[in-house]
Structures are given as C-alpha cells and as structure tokens.
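Reading the structure
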Amino acid sequence: MRIGSDFDKIEWEFLGMNLLEPNALVGDLLLFTISIMFYLQIRKEATNLFVTYWSRFFLIFAISFIIGGFGHVFFNYTHAAGRIPSWYLGLITPFWIEQAMILLWPQPKTRKLLQQISIIKTIFFLLGLTVYVLVNFDSLTLTTGMIFPTYNAVIGLGSSLGILAVIYQQRVSRNFRYFWYGALSFFPSAIIQGIKFNLYPWFDRNDLSHLLLLIGLFFYYKGIKSTQKATDMILSDMVQAP
C-alpha cells in the first residue's frame, strides 16, 4: 500500500508498442460497457425529458472513459495531451445530470434561473480548461488538467444530487435517495485520487476509483427506473399547467 505516491506504472508491449497500465484499460472498458448498456436500456424506455437527459449522461460518460482508457495505455506516445478529450467530456457529463434534476423543480422562474446557472457554470469551466490547454500545451500536467472537471463536478453534482435529490426525496418519492447514494459513492474517488491512495500495483487508485464509479452508476440507474412514474407525472402536469 502507498499513500502520497504512486507505484511504477505497469508496462506491457503489443505490436511493438510500449504501452502502460493495462489494469486502467480494463477498468475503463468495464465502465464503458456498463454505461452503454444503461444508455441503451434507458433510451429505449425513455418516457420523459428527465430520463432522456440521464441517458445522455450515460452516453457521454461511456465515451469519456473509453477515450480515457486509451489515454492511459498510449501515455508514452500522447502524454498528458491524450487526456484532453476526457477532460472536456468530463465537464459536459455532469451538465446533463444537473439539467435533469433541475427540470423537476416546480417553480418555473426558479427552474429557469437554475438552468441558466448550470449553463454558465459549465461554460466557465470549459473556457478555463481551454485557456489552460492553449497556454500550456507543451507542459500540460494530469493533476492540473483534472482540476477543471473535478471542481465542476463537485459543484454541479453537490447541488443537483446532494440538495435537489434530497428535496425530491422528501416531497416526491423516497426513491430519489438513490441519486444522492450514487453521488456519495462518486465523491470518495476524488479524495482517493487527491491523496494518491494505492492498494497494489495491479489495483491502484484508478482501479479503486473505477469500482466506486461503477457502484454510483448502478445507483443512478436504480434511481431513474424507480422514479420514472413519478417523473412522468410531474412533467406531464407541468405541460398541462396554464
């Protein structure tokens, strides 16, 4: 076990290429597969915009992790620049969760204001990441690059799942608790990455984070399915309201 530093990256060869971190690729492929499965299932059964927004989250989440997996593997060739697409996708992913949760807020004026705040926040972090990439392209670091999607997710998921989901649990359905359960399982991964908590070379901080993220995905899917009738009713009433 190591805390505060990483084990040497596992090296392997394939077709004459010097590749890294096969364990990270396995974890990313697993997250990609589960996310795509949930996306296809939710998209097929989507009955309202809330569910549709969540399906977009799963799709973008899946794409970000398949790209991220190859960013790990080909790091000797792409270096930190190979992670840039994942950083951008990591900024967009929480946006659809925020918009989904805000969509259920009953007061139209407040709902519109919250939607605008979500958009402005996302644009702010996108611009910040873009400036960082353009100014420091030849000296990008993984730690600094991850600051933008991490802070964006903490603010967005903390407010939409940590606050709105709890309110909906009390006012609409107890099943909304699954959403903040999922958020709780996501947040420890940021701590694990920050303090560099590594159990073993073949199961390092990235692998442990992947496991927590996988648990979170299952909670999200459970939440979507168990609240679908409630969200159908809420959004139907909004459409019919004068």
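Residues numbered from 1 in each chain as written. Predicted model: local features only at pLDDT ≥ 70, side-chain atom pairs only at ≥ 80, totals over all residues. Heavy atoms only, no water.

Some words on the layout of surface pockets
What counts is decided by this rule: With a 1 Å grid laid over protein atoms only, a set of points is called a cavity when a 1.4 Å probe fits there but cannot get out and a pocket when it is open yet has protein on both sides within 12 Å along at least five of seven lines; lining residues have an atom within 4 Å of a point. Grid points are joined across faces, edges and corners, and a volume is the space filled by probe spheres set on the points. Helix numbers and strand numbers start at the N terminus; a helix is a DSSP run of H or I with at least 4 residues, a strand a run of E with at least 2. Each residue receives one of three labels: charged for Asp, Glu, Lys and Arg, nonpolar for Ala, Val, Leu, Ile, Met, Phe, Trp, Tyr, Cys and Pro, and polar for the others, Gly being one of them.
Considering only enclosed or pocket space, the largest pocket measures out at about 1,400 Å³ in volume. Within the residue set of the lining of the largest pocket, elements represented by two or more residues are α1 (22–45), α2 (49–73), α4 (84–102), α6 (142–171), α7 (177–195) and α8 (205–226). Sort the elements by how many residues they give to the lining of the largest pocket and α6 lands first, with 10 residues. Looking at side-chain class alone, the lining of the largest pocket contains 21 nonpolar, 17 polar and nine charged residues. Estimated volume of the second largest pocket: approximately 200 Å³. Lining of the second largest pocket is provided by Glu98, Ile102, Leu114, Ile117, Ser118, Lys121, Ile155, Gly156, Ser159, Ser160, Ile163 and Leu164. Sorting the residues of the lining of the second largest pocket by element identifies α4, α5 (108–135) and α6 as the ones contributing at least two each. With six residues, α6 is the single largest residue contributor to the lining of the second largest pocket. Classifying every residue of the lining of the second largest pocket gives six nonpolar, four polar and two charged.

As for the pattern of salt bridges
Quick reminder of the rule: By definition here, a salt bridge exists when the distance from a side-chain nitrogen of Lys or Arg to a carboxyl oxygen of Asp or Glu is within 4 Å. Under the scheme applied here, a residue whose accessible area is under 20% of the maximum for its type counts as buried, over 50% as exposed, and between as partly exposed, the area being computed with a 1.4 Å probe on protein chains only.
By the definition in use, this model includes three salt bridges. Between Glu21 and Lys9 there is a salt bridge whose closest N-O contact spans 3.6 Å. Linking Glu21 in the loop between β3 (17–20) and α1 with Lys9 in the loop between β1 (2–3) and β2 (11–14), this pair joins segments that are 12 residues apart in sequence. Take Glu21: its relative accessible area is 4%, and that puts it in the buried class. Here Lys225 and Glu45 are joined by a salt bridge, their closest N and O atoms 2.1 Å apart. Of the two residues, Lys225 is situated in helix α8 and Glu45 in helix α1; the sequence distance between them amounts to 180 residues. Among the residues examined, Lys225 registers a relative accessible area of 33% and is labelled partly exposed.

Description of α4
Note the cut-off: Expected helix span is taken as 1.5 Å per residue step, with the number of steps being one fewer than the number of residues.
Between the first and last C-alpha of α4 there are 28 Å, a value that for 19 residues agrees with the 27 Å anticipated at 1.5 Å per step. The buried fraction of α4 amounts to 16 of the 19 residues, a majority that puts the element mostly inside the structure.

Thoughts on the packing of α2 against α8
Basically, it comes down to this: Interaxial angles span 0 to 180 degrees and are taken between N-to-C directions of axes, which are lines fitted to C-alpha atoms, for helices over the stretch in contact. An angle below 35 degrees is read as roughly parallel, one above 145 as roughly antiparallel, one from 65 to 115 as roughly perpendicular, and any other as oblique. The handedness criterion is simple: a crossing whose near helix is rotated anticlockwise from the far helix by less than a right angle is left-handed, and one whose near helix is rotated clockwise is right-handed. Any two residues having at least one pair of non-hydrogen atoms within 4.5 Å are treated as being in contact.
For the pair α2 and α8, the least separation of the axes is 12 Å and the interaxial angle reads 165°. As the angle between them shows, α2 and α8 are arranged roughly antiparallel. Judged by the twist between their axes, the crossing of α2 over α8 is left-handed. Between α2, through Val51, Trp54, Phe57, Phe58, Phe61, Phe65 and His72, and α8, the contact on the second element is made entirely by Asn206, His210, Leu213, Leu217, Tyr220, Tyr221 and Ile224. A class-by-class count of the residues in the contact of α2 with α8 yields 11 nonpolar, three polar and no charged.

Some points on α7
Its 19 residues give α7 an end-to-end C-alpha distance of 29 Å, which sits within 8% of 27 Å, the value for a rise of 1.5 Å per residue. When α7 is considered as a whole, its buried residues turn out to be Arg177, Tyr178, Phe179, Gly182, Ala183, Ser185, Phe186, Ser189 and Ile192. Tucked inside the fold, the buried residues of α7 contact α2, α4, α6, β4 (197–198) and α8.

Section: the packing of aromatic side chains
Our working definition: Here is the rule: rings of Phe, Tyr and Trp (six-membered ring for Trp) pair when centre to centre is within 6.5 Å. Planes less than 30 degrees apart are stacked, more than 60 are edge-to-face, and the remainder are tilted. Charge-over-ring placement is defined geometrically: NZ (Lys) or CZ (Arg) within 6 Å of the ring centre, and within 35 degrees of the ring normal.
Scanning the entire structure with this criterion turns up 23 aromatic pairs. Arranged with centres 6.0 Å apart and planes meeting at 85°, the rings of Phe50 and Phe179 form a pair that is edge-to-face. One end of the pair, Phe50, is in helix α2; the other, Phe179, is in helix α7, with 129 residues separating them in the sequence. Look at Phe50 and you get buried, because its relative accessible area is 0%. On the basis of an interplanar angle of 80° and a centroid distance of 5.8 Å, the ring pair of Phe57 and Tyr220 is categorised as edge-to-face. One end of the pair, Phe57, is in helix α2; the other, Tyr220, is in helix α8, with 163 residues separating them in the sequence. The exposure class assigned to Phe57 is buried, which follows from its relative accessible area of 1%. With a relative accessible area of 0%, Tyr220 lands in the buried category. In this arrangement the basic side chain of Arg177 is found over the ring face of Tyr178, its NZ or CZ atom lying 4.6 Å from the centre.

Function-wise, these values are silent; they only describe arrangement.
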